[in-house]
Amino acid sequence: MPEIHEARRRRAQEKIVEVGADAALITSRQNITYLTGLASSNAAVLIPADGAAVLATDSRYALAAERDCPDLELIIERFVETRLATEATTRGMRVVAFEAHEMTVQRHAELTKTLTLVEFGQAIEELRVSKDPTELELIATACRISDQALSDTFRLIRPGLTERALAAALDRRMAELGAARPAFDTIVASGPNGAIPHHSPVDRPLRRGDLITMDFGAMYGGYNADMTRTVALGEPAGWQREIYDLVATAQRAGIDAARPGADVADVDAAARDLIRDAGHDEHFQHGLGHGIGLEVHEAPLMGYGRTGKLGTRVPVTVEPGVYLPGKGGVRIEDVLVTGDSLHLLTKTTRELLVLLAMETFTWPPRTT
Ligand code: ZN
Ligand code: ZN
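Residue positions are given per chain, counted from 1 along the sequence in the order it is written. Labels are handed out in written order, letters beginning with A for the chains and numbers beginning with 1 for the ligands. At least 70 in pLDDT is required for a residue's local features to be given in this predicted model, at least 80 for side-chain atom pairs to be given and counted, and no such filter applies to totals for whole chains, interfaces and linings, which use all residues. Water and hydrogen atoms play no part in the side-chain values, which are based on all heavy atoms of the structure.

On to the sheet that holds strand S10 (residues 218-220). Sheets are built from strands paired through backbone hydrogen bonds, the pairs being either parallel or antiparallel. Judged by pairing direction, the sheet is antiparallel, and its three strands sit side by side in the order S7-S10-S11 without closing on themselves. Every interior strand has two partners, whereas the edge strands, strand S7 (181-182) and strand S11 (223-224), have only one. For S10 and S11, the ladder comprises two bridges, and the chain directions are antiparallel. Across the sheet, Tyr220 pairs through a bridge with Tyr223, a residue of S11. Most of the contacts of helix H7 (residues 133-153) go to S10, to which it runs at about 145 degrees, and overall it touches S10 and S11. Any two strands with at least two DSSP-identified bridges between them are counted as paired. Helix numbering and strand numbering both begin at the N terminus, where a helix is a DSSP run of H or I of at least 4 residues and a strand a DSSP run of E of at least 2. For this analysis, residues touch if any pair of their heavy atoms sits within 4.5 Å. A fitted line through C-alpha atoms represents every axis, and for helices the fit uses only the stretch in contact; the resulting angles, taken between N-to-C directions, go from 0 to 180 degrees.

Spelled out as structure tokens, the structure:
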């Protein structure tokens, strides 16, 4: 929808004027998608402070660019940044804002031979924080696919199924339900592996008495979901139920605190203080959550040392955990959208699910 992207570029132009530049050279992949609609692994866009933008990408993306960005001047070129720098010079633009967090030192040195580069900061990322209705609908769809894939996969969980097979089943179900791909490498962490927040699934077979943490999400229309559930295989032990209830209570407190106008440090503290008061301070060391959209992790980040206030229409995750080395762990993660009322996009129950499938399972199924 070119008009949405054009409106976003107009907001970007206000930022270009603010930094006193003649133009901005945008090289962040997600920022280019946000401003033009093109998803390309090799593209750059030159946005003048006033006037029409110029998009450069290589021949692999020529057809997609013609289709998705009919309103843009298009240059098909492999060396996109160098070419747009030349275009800027020939069009009389001398001061160009650039994305320091994206450009290599080598490229910067090359471009400063002909241009004066000024830092644009994370101007476009800031525009991306608050989502428009189209974006929220795509994220909601990604979350719906994730919820459904999980609920369809629960029935597979039984002793003998490996972490890797469970992760593959989740990924496959998300694809069947319409996901372009998993938003990130699916995490399945069972038993003692659950103590590792970003464990990569291995061939460990699930066992009775395990807590199993699944952290996964679908990507849909370029936008991401990210959710986590921990389930018990067989009746949970006392310590398992205890940390589950603690994490669930902390997560609810975090969700309730994530309101427009709230300081991100306060949202983090709302959940973290409960975990600390229960004596598990050292067992929860990652941030409480993050913004989500074109990237899985984007602004605003909510954790120690983070500052800033939440706006409206901001999708964020709330994902506290408790990790007991050598024993196991629990994490519960949902995506909510900030606004006047509670708006959760991931809806799978947050009650502890106790799966009682008791027969041993071989995976893949024997064909004989
Ligand atoms: Zn996650
Ligand atoms: Zn997350």
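Any N, O or S atom lying within 2.8 Å of the metal counts as a donor, and for Na, K and Ca the limit rises to 3.2 Å; water is left out, so some sites can look incomplete. Within the protein, the zinc ion (ligand 2) binds to Asp226 (OD), His290 (NE2), Glu319 (OE) and Glu333 (OE); these donor distances fall in the range 2.1 Å. Geometry is assigned from the angles between donors: four donors with all angles from 85 to 135 degrees make a tetrahedral site, four or six donors whose opposite pairs exceed 155 degrees while the rest stay between 65 and 115 make square planar or octahedral sites respectively, and everything else is labelled irregular. Around the zinc ion (ligand 2) sit four donor atoms; with metal-centred angles ranging over 80 to 160 degrees, the donor geometry is irregular. All donors to the zinc ion (ligand 2) come from one chain, and their sequence spacing reads D-x63-H-x28-E-x13-E. Separating the zinc ion (ligand 2) from the zinc ion (ligand 1) is a gap of 3.2 Å, bridged by Asp226, which donates to each. Note that Asp226 is positioned in the loop between S11 and strand S12 (227-233) and Glu333 in the loop between strand S17 (328-331) and strand S18 (334-337), a separation of 107 residues in sequence. Residue burial is assigned from relative accessible area. The probe radius is 1.4 Å, only protein chains are included, and a residue is buried under 20% of its type maximum, exposed over 50%, and partly exposed in between. For Asp226, a relative accessible area of 3% translates into the label buried.

Moving on, we come to helix H1 (residues 2-18). Helix span is expected to be 1.5 Å times the residue number reduced by one. For H1, which comprises 17 residues, the first-to-last C-alpha distance of 25 Å matches the rise-based estimate of 24 Å (1.5 Å per residue) to within 8%. All buried positions along H1 are accounted for by Ile4, His5, Arg8, Arg9, Ala12, Gln13, Lys15 and Ile16. The elements touched by buried residues of H1 are strand S1 (23-26), helix H2 (29-36), strand S2 (43-48), helix H6 (123-128), H7 and S11. Looking at the residues trailing H1, positive phi occurs at Gly20, about 75 degrees.

So, about the coordination of the zinc ion (ligand 1). Listed as protein donors to the zinc ion (ligand 1) are Asp215 (OD), Asp215 (OD), Asp226 (OD) and Glu333 (OE); their distances from the metal cover 2.0 to 2.6 Å. Around the zinc ion (ligand 1), the four donor atoms are arranged such that angles at the metal cover 55 to 149 degrees; this shape is classified as irregular. Counting residues between consecutive donors of the zinc ion (ligand 1) along the chain gives the motif D-x10-D-x106-E.

Only protein atoms enter the calculation, which uses a 1 Å grid: trapped sets of points that fit a 1.4 Å probe without letting it out are cavities, open sets showing protein on both sides within 12 Å along at least five of seven lines are pockets, and any residue with an atom within 4 Å of a point is a lining residue. Grid points are joined across faces, edges and corners, and a volume is the space filled by probe spheres set on the points. Estimates place the volume of the largest pocket at around 530 Å³. If you trace the largest pocket, you find 24 residues lining it, with Thr33, Gly221, Gly222, Tyr223 and Leu294 closest to the centre. Contributing elements (two or more residues each) for the lining of the largest pocket: H1, H2, H7 and S11. At four residues, the largest contribution of residues to the lining of the largest pocket is made by H2. Only Asp, Glu, Lys and Arg are considered charged in this grouping, and only Ala, Val, Leu, Ile, Met, Phe, Trp, Tyr, Cys and Pro are considered nonpolar; every other residue, Gly among them, is considered polar. Of the residues belonging to the lining of the largest pocket, the class tally is ten nonpolar, eight polar and six charged. Here the lining of the largest pocket gathers at least three residues from each of two domains, domain 1 (2-127) and domain 2 (133-355). A domain assignment, automatic or from a database, supplies the domain bounds used here.

Salt bridge, as used here: a side-chain nitrogen of Lys or Arg that lies within 4 Å of a carboxyl oxygen of Asp or Glu. For the structure shown, the criterion picks out 29 salt bridges. Here Arg8 ties to Asp132 by a salt bridge, and the two come within 2.7 Å at their closest N and O atoms. Linking Arg8 in helix H1 with Asp132 in the loop between H6 and H7, this pair joins segments that are 124 residues apart in sequence. Assessed through its relative accessible area of 7%, Arg8 is described here as buried. A salt bridge links Asp58 to Arg60; its shortest N-O distance comes to 2.8 Å. A relative accessible area of 59% places Arg60 in the exposed class. Look at the salt bridges and you will find they share partners, linking Glu73, Glu77, Arg83, Glu87 and Arg91 into a network.

For the rest of this paragraph, the subject is the pairing of strand S15 (residues 315-318). Along S15, one buried face is formed by Pro315 and Thr317 and the opposite face, lined by Val316 and Val318, is buried too. Here four bridges tie S15 to S18, and the two strands are oriented antiparallel to one another. The residue bridging Thr317 from the neighbouring strand is Val335, located in S18.

Spanning 14 residues, helix H8 (residues 163-176) covers 20 Å between terminal C-alpha atoms, matching the ideal 20 Å at 1.5 Å per step. For H8, the full list of buried residues reads Glu163, Ala165, Leu166, Ala167, Ala169, Leu170 and Met174. Where H8 is buried, its residues touch H7, S7, strand S8 (187-190), strand S9 (211-216) and S10. One or two steps after H8, the chain reaches Gly178, where phi turns positive at roughly 115 degrees.

With that settled, the discussion passes to the nonpolar core. To define a nonpolar core, start from buried Ala, Val, Leu, Ile, Met, Phe, Trp, Tyr and Cys residues and group those joined through side-chain atoms within 4.5 Å. In terms of nonpolar packing, the biggest core is built from 35 residues, with Ile26, Leu55, Phe120 and Ile124 touching the most fellow members. Those elements giving two or more residues to this core turn out to be H1, S1, H2, S2, strand S5 (95-98), H6, H7 and S18. For this core, the element with the highest residue contribution is H7, accounting for five residues. When residues of this core are sorted by domain, at least three fall in each of domain 1 (2-127) and domain 2 (133-355). With sequence-adjacent residues up to four places away left out, Leu55 is seen in contact with Ile32, Thr36, Leu38, Ala44, Val45, Ala65, Cys69, Leu72, Glu73, Leu74 and Ile75.

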